[in-house]
Each structure stands twice: as C-alpha cells, then as structure tokens.
Amino acid sequence: MKFLMGHEKDFWSFVDSIKKEDNVAIVSHNDLDGLASAFFMEKILYFKKIKPRIIEIIDYGDLENCFDKCKKGGVNKILLSDIYADGRDNIDFLIKAFKDFDMFMIDHHPINPKIKDIKNVIKTETPFCASFIIYNLAKHYFDPSESDWLLEAALVADRSYFAKEILKFLQKKHPSITEENIINSIPGELMQTIGAAIIYYSDDLKKVYALLKEKNIASMEKARKEIDKEFKKWTDKFKKNAEFYGDKKMYFFYGAPKFGITSAICTTLSIENPGNLIVFVSDSQREPGKCKVSARSQSGEVDVNLLLKKSVNGLEGAMAGGHKKAAGGSFLKKDLEKFKKNLVKN
C-alpha cells in the first residue's frame, strides 16, 4: 500500500496526543467502507481508553453541517474517514475546519492540489480503501484480525480486490476466491447483506453501526430479503427501458426506486457489461426536489469521476465526485434534462 500523502507516524502521533479531557468526534462516510472505517477507528480509541463524544455516519454533502454540529457539541478533535472532503472545487470550508479543529483525515479518493500543504492527512491510491488503511494503522496498537470479516466485506464493496495486495489478503482466509467468483464468496455474500442493511436503514445508520458492533448478521438478513425484491424489480426495469448511446457506450436510465439501490444496481450491471458506462438517475429520498446519480464503468476507458463533475458543472446546487470507475452526484430535478445533455455531450 502506497501513501500518496502523509505517513503512519502522523496518525499514531495524533492519536497518542489525545487526552482524556479532549472531546473527540469520528466522522465517516455512509457506505460499507465508511462504517468499517468508523468501526476500526473507534476500536483504536477504545484501546487508548478514549470514548468519542460523537460518531457521525454521513453523506459527502452533509460534511459542513456536521462540522457545525461538532462545534456546537464542544468537539475539539475530529477523525475524518472515507469522506471525499476535498472533492469539490471550493474547499474553503474544509481548510477552515482544519483550523477550527485538531483534525486528521484518512481517505483514498483523488487528491485536490489545494490540500497538499495541509498536515494530518493520509491519502492512498484508490484500491486501498479507508477501512483497509485504518485496519493496518490499528496494528500499531493491537491485533485487529478478529474483525477481518468486516474488513473483507468492505474490500469487496469497494472492489479493492483488483489490487493484487488486497486479493492476496482476501485469499489468506478464502483461498478459492478469484476476481470472477468473489461476489458469491463468503465475504461477497456478507457484503451484500450489510449493504442491504445500509440501504434499508438509510435513515438510521447508527442502527446498522450498532448491529455491526454486535456482529448481528441475522437482523441484517431480514433487511436483505426486502432489498433483494426491489433490487431485482429495478434491475429488470433498467435492462428493459434504459436508453443506449452507442457512440458513448453508455446506458442511461431514470427511475424512482423505493430504496436507495441505484449505486448497487449500477455496480452489478457494470460487472455484467464491463465495456459500457452505466448511469442511473433517481429522485433523492433525503432531499425532495433533487436527483441523485450513480455511474460505473469497469473498463476504465471513461473517467467517471471527471465525467460527472463536468456534467454537473454550472448547475445550481449540484455536486459530484468519486473514483475513476465509480462516482456519484446530485443536482436539482428541474435540471435533469440539462444534466443528461451535458453527460451525452461530454
């Protein structure tokens, strides 16, 4: 694992500097990697006999409000993980937060040049997701291997196994795993179950976090049954009704699923169609009047992160970001046709 910014010692020094009188917040992304990152971060603090005052599992767009909440809650130190905080063009709010709080950020998304002089940042290459970074940082304090089950699920969810180092890590306990069969492997099945719970309880992710801490997989299985029905329904609709743009090798579809399953559907369809770009736009359940977009391209021919950023550029209240092969964003519903036009044009 190569560090593009920062060093392990920076993190260890930060953690070791935390005193009992400090008020610490863990802020992490609302996907499986983010939840696993918070899980391992809390374990590190527990080892140091530090109880975080706040644990927030949030979407990228909620970060500014979260900083306000931390300030009102008397937080003075923040551990930030798997949040693409520097993914916007204007990151003044992030630079200010580094001044307002004693903060450490761990992430695996592309680096914004504007943060190159900020201390207390670890960035890795994309395949080495945040939970994998923190898991390895935790080894400085204790053996985290009893929670390998959660890390393995997060690695599958983030498709980190395309990196040889990650695939070898997974094959230590699951030697029959390959890139082709991993979705149906033990970690792959667990990833689907936890992922379904994240979708089902999207309005109460602290419940999912609590279930993970209890390793209560049975409760998550109940949620998966409901999600699987909706997943099949909307996957079939996508296959039947999506518009295909041959020159772009792109499938585009707009729909309104009951649950937030568009990202998972895009991932599945992109695996089935590795040579094509898969784009699914849906109504935002959390923000009425807005649309969410998920996009995937397994071939790497298209930089999905840059494509979505270009497509929302100039649209009121819009944002986008992610990785080269997988990204997401949001925009006002009234701008749906503008977004679509930009997407096809770019």
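Only a predicted model underlies this, so the values are computations on that prediction, with no experimental measurement involved. (Residues numbered from 1 in each chain as written. Predicted model: local features only at pLDDT ≥ 70, side-chain atom pairs only at ≥ 80, totals over all residues. Heavy atoms only, no water.)

Q: So what about unusual backbone geometry? Which residues, and what values?
A: When glycine is set aside, most residues are seen to have a negative phi, and most peptide bonds are trans. For Arg159, which is not a glycine, the phi torsion comes out positive at approximately 55°. For Arg159, a relative accessible area of 16% gives the class buried. (Buried < 20%, exposed > 50% of the residue type's maximum accessible area, 1.4 Å probe, protein only.)

Q: With reference to specific residues and values, describe the sheet that holds strand β12 (residues 326–332).
A: The strand order β7-β8-β9-β10-β12-β11 describes an open sheet built from 6 strands, whose pairing is mixed. Two strands lie at the open edges of the sheet, namely β7 (243–245) and β11 (319–322), each paired on one side alone. The average angle at which neighbouring strand axes cross in this sheet is 15°, direction not considered. (Pairing = 2+ DSSP bridges. Helix = DSSP H or I, 4+ residues; strand = E, 2+ residues; numbered from the N terminus. Axes fitted to C-alpha atoms, helices over the stretch in contact; angles between N-to-C directions.)

Q: For the sheet that holds strand β5 (residues 102–107), give the residues involved together with the corresponding values.
A: Strands sit in the order β1-β6-β5-β4-β2-β3 across an open sheet of 6 strands; the sheet is mixed. Of all strands in the sheet, those bounded by a partner on one side alone are β1 (3–5) and β3 (54–58). When strand polarity is set aside, the average angle formed by the axes of neighbouring strands in this sheet is 20°. Looking at chain direction, β5 and strand β6 (residues 121–124) are connected through 3 bridges and run parallel. Across the sheet, the residue bridging to Ile106 is Ile122, located in β6. Taken strand by strand, helix α3 (residues 63–72) contacts β2 (24–29), β3, β4 (77–81) and β5, and its axis lies near 170° from that of β3. The strands that helix α5 (residues 130–138) touches are β1, β4, β5 and β6; relative to β5, the one it contacts most, it runs at about 115°. (Contact = heavy atoms within 4.5 Å.)

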